[in-house]
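Next come the chains, spelled out residue by residue.
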Amino acid sequence: MSRLDLAHSMTIEDYRLVLMQREAARRAFEAIGYLADGLISLFSIGPAPLMENKAKDSGVTHTTGLPAYNAATSVLGSAAITLPLLSVSGMPVGVQVIG
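Residues numbered from 1 in each chain as written. Predicted model: local features only at pLDDT ≥ 70, side-chain atom pairs only at ≥ 80, totals over all residues. Heavy atoms only, no water.

(A) The overall build of the protein, seen in detail. When its secondary structure is counted, the protein shows three helices and three strands. The helix and strand sequence of the protein, counted from the amino end, reads α-α-β-α-β-β. Within the protein, buried positions represent 17% of all 99 residues. Partitioning the intrachain contacts of the protein with sequence separation of at least 6 by distance along the chain shows that 51% fall at a separation of at least 24. With an accessible surface of roughly 7,500 Å², the protein has 63% of that area assigned to carbon and sulfur atoms. (Helix = DSSP H or I, 4+ residues; strand = E, 2+ residues; numbered from the N terminus. Buried < 20%, exposed > 50% of the residue type's maximum accessible area, 1.4 Å probe, protein only. Contact = heavy atoms within 4.5 Å. Areas by Shrake-Rupley, 256 points an atom, 1.4 Å probe, with all protein chains shown as cover.)

The following block contains the structure:
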């Protein structure tokens, strides 16, 4: 099901439920805030694909990272920045710093 189809099929009760789930996730994230000042994670499954390659070799279907890697920070409303700190075969691999 596409995201648009999912949105069209959502009821007001569905929407209220996901809003409550978002608030529960935010409270849980806040509750562990004392453990560290931030989190570090990768931003994609591998290096950036070459423009002319169209991601055929890497398997990366999104040329600017995968939405799944920033979905949590979007839900949490937390600050996040991606920096090209790693590389594979000369191509950058983003590292996400989450506050």
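(B) Quick peek at unusual backbone geometry. Unusually for a residue other than glycine, Ser89 sits at a positive phi of about 50°. Along the chain, the position of Ser89 falls in the loop between strand 2 (80–88) and strand 3 (91–98).

(C) The environment of Gln96, seen in detail. When you line up the elements, Gln96 lands in strand 3. With 55 residues separating them in the primary sequence, Gln96 and Ser41 have C-alpha atoms 5.1 Å apart. In this structure Gln96 touches Leu39, Ile40, Ser41, Leu42, Phe43, Tyr69, Asn70, Thr73, Ala80, Ile81 and Thr82, once residues within four positions along its chain are discounted. A distance of 2.9 Å separates the side chain of Gln96 from the backbone oxygen of Tyr69, its partner in a polar contact. (Polar contact = N/O pair within 3.5 Å; in protein donor to acceptor, adjacent residues only side chain to side chain.)

(D) Region of the structure containing the sheet that holds strand 2. The strand order across the open sheet built from three strands is 1-3-2, with neighbouring strands paired in antiparallel fashion. In the strand order of this sheet, the two ends are held by strand 1 (39–42) and strand 2, each with one partner. Averaged over all pairs of adjacent strands, the angle between their axes in this sheet comes to 30°, without regard to strand direction. Pairing of strand 2 with strand 3, which is carried by seven bridges, proceeds in the antiparallel orientation. What sits directly across from Thr82, in strand 3, is Gln96. Across the sheet, helix 3 (residues 68–76) touches strand 1, strand 2 and strand 3, and the angle it forms with strand 3 is around 20°. (Pairing = 2+ DSSP bridges. Axes fitted to C-alpha atoms, helices over the stretch in contact; angles between N-to-C directions.)

(E) Representation of the pattern of salt bridges within the structure. Per the counting criterion, the structure on display carries two salt bridges. A salt bridge links Arg22 to Glu23, with the shortest nitrogen-to-oxygen separation between them at 3.6 Å. With a relative accessible area of 30%, Arg22 lands in the partly exposed category. According to the relative accessible area criterion, Glu23 is partly exposed, its value standing at 32%. (Salt bridge = Lys/Arg side-chain N within 4 Å of Asp/Glu carboxyl O.)

Keep in mind that these numbers describe shape and distance, not what the molecule does.
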